[in-house]
Amino acid sequence: MVVLKTRREIELMREAGRISAMALKAAGEAVRPGVSTFEIDAAARKYIKSQGAEPNFLGLYGFPAAACISVNNEVIHGIPSKKRILKEGDIVSIDLGARKNGYNGDNAATFAVGKISDEAQRLIDTTRESLYEGLKQAVAGNRIGDIGHAVQAYCEERGFGVVREYVGHGVGKELHEDPSVPNFGTPGRGVRLLPGMTIAVEPMITQGTWAVNQLSDGWTVVTKDGKLAAHFEHTVAITKDGECMILTLPE
Ligand code: MG
């Protein structure tokens, strides 16, 4: 069931979104060669706590950290670890959120560790841009398929793969609500977008095949061919008219 939010609820989600975005920024600023993914998680967690908010990934379905931190061929759901040390040339996807006053934010971005290859940079840039292409379609009257189609077309035209097994979602009092928001689809198909819908759009894009595997840790999702993946996400609200409102902006 899709839950529409009132203006007041969207204001509360904006605050959760702001904290989520600032925590992602703090995590991104901790990214450098030699740092562990545990330290990056700690930076995010510290910021969220400092705002009187809760890291909403922590404990969700049993996840043991505040952030999912996925390196190189890892697509999503990487578990932060003191043993996982970033090195020059890696790319690292950080996905996290905060809950404040009963409402959730959720956002993700992929960061470069020092100097990275041109191909890795192109993957990151394409994934980020595809999120904004999708968001252009996140307007009242459109359908979920319009968002997915825009993301998919943008990435596939540039030779990248679009992960099918994991998708975006509604966000609100629960971190994961209806509807599902795939990064692929057919224009004009799927749930109609209505003012007051709040959704997370989150392209997970690969350098090669879109097929993925889950590691034996029960969490980490990796590309089947071992090539790189990137991930960007915003939580947004569908407005009465015009562009969606991005809730996960830092200020
Ligand atoms: Mg999400």
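Up top is the structure these notes are about.
Residues numbered from 1 in each chain as written. Predicted model: local features only at pLDDT ≥ 70, side-chain atom pairs only at ≥ 80, totals over all residues. Heavy atoms only, no water.

Undergrad: Which parts of the structure should I look at to understand the coordination of the magnesium ion?
TA: At the metal site, the magnesium ion is ligated by D106 (OD), H169 (NE2), E202 (OE) and E233 (OE), and these contacts range over 2.1 to 2.4 Å. Sequence spacing of the donor residues for the magnesium ion, all on one chain, is D-x62-H-x32-E-x30-E. One end of the pair, D106, is in the loop between β6 (103–104) and β7 (107–112); the other, H169, is in strand β9 (residues 168–170), with 63 residues separating them in the sequence. For D106, a relative accessible area of 2% gives the class buried. (Donors = N, O, S within 2.8 Å, 3.2 Å for Na, K, Ca; no water. Helix = DSSP H or I, 4+ residues; strand = E, 2+ residues; numbered from the N terminus. Buried < 20%, exposed > 50% of the residue type's maximum accessible area, 1.4 Å probe, protein only.)

Undergrad: Mind showing me how you'd approach a nonpolar patch on the surface here?
TA: There is a patch of nonpolar side chains on the surface, built from V2, L4, V191 and L194 and spanning about 280 Å² of accessible area. Within the secondary structure, L4 sits in the segment before α1 (7–29). Under the relative-accessibility criterion, L4 is labelled partly exposed at 41%. (Patch = residues over 30% accessible without salt bridge, like charges linked within 9 Å, V, L, I, M, F, W, Y side chains within 5 Å. Areas by Shrake-Rupley, 256 points an atom, 1.4 Å probe, with all protein chains shown as cover. Salt bridge = Lys/Arg side-chain N within 4 Å of Asp/Glu carboxyl O.)

Undergrad: For this particular structure, what's the right way to read the sheet that holds strand β3 (residues 74–76)?
TA: Think of a sheet as strands paired side by side through backbone hydrogen bonds, with each pair either parallel or antiparallel. Read from one edge of the open sheet, 3 strands run β3-β14-β13, paired in antiparallel fashion. Pairing within the sheet leaves two strands with one partner each, and these edge strands are β3 and β13 (212–214). Shown here is a sheet whose adjacent strand axes are inclined to one another by a mean of 40°, direction ignored. Both β13 and strand β14 (residues 221–223) contribute to a ladder of 3 bridges, which runs antiparallel. Across the sheet, the residue bridging to N213 is V222, located in β14. (Pairing = 2+ DSSP bridges. Axes fitted to C-alpha atoms, helices over the stretch in contact; angles between N-to-C directions.)

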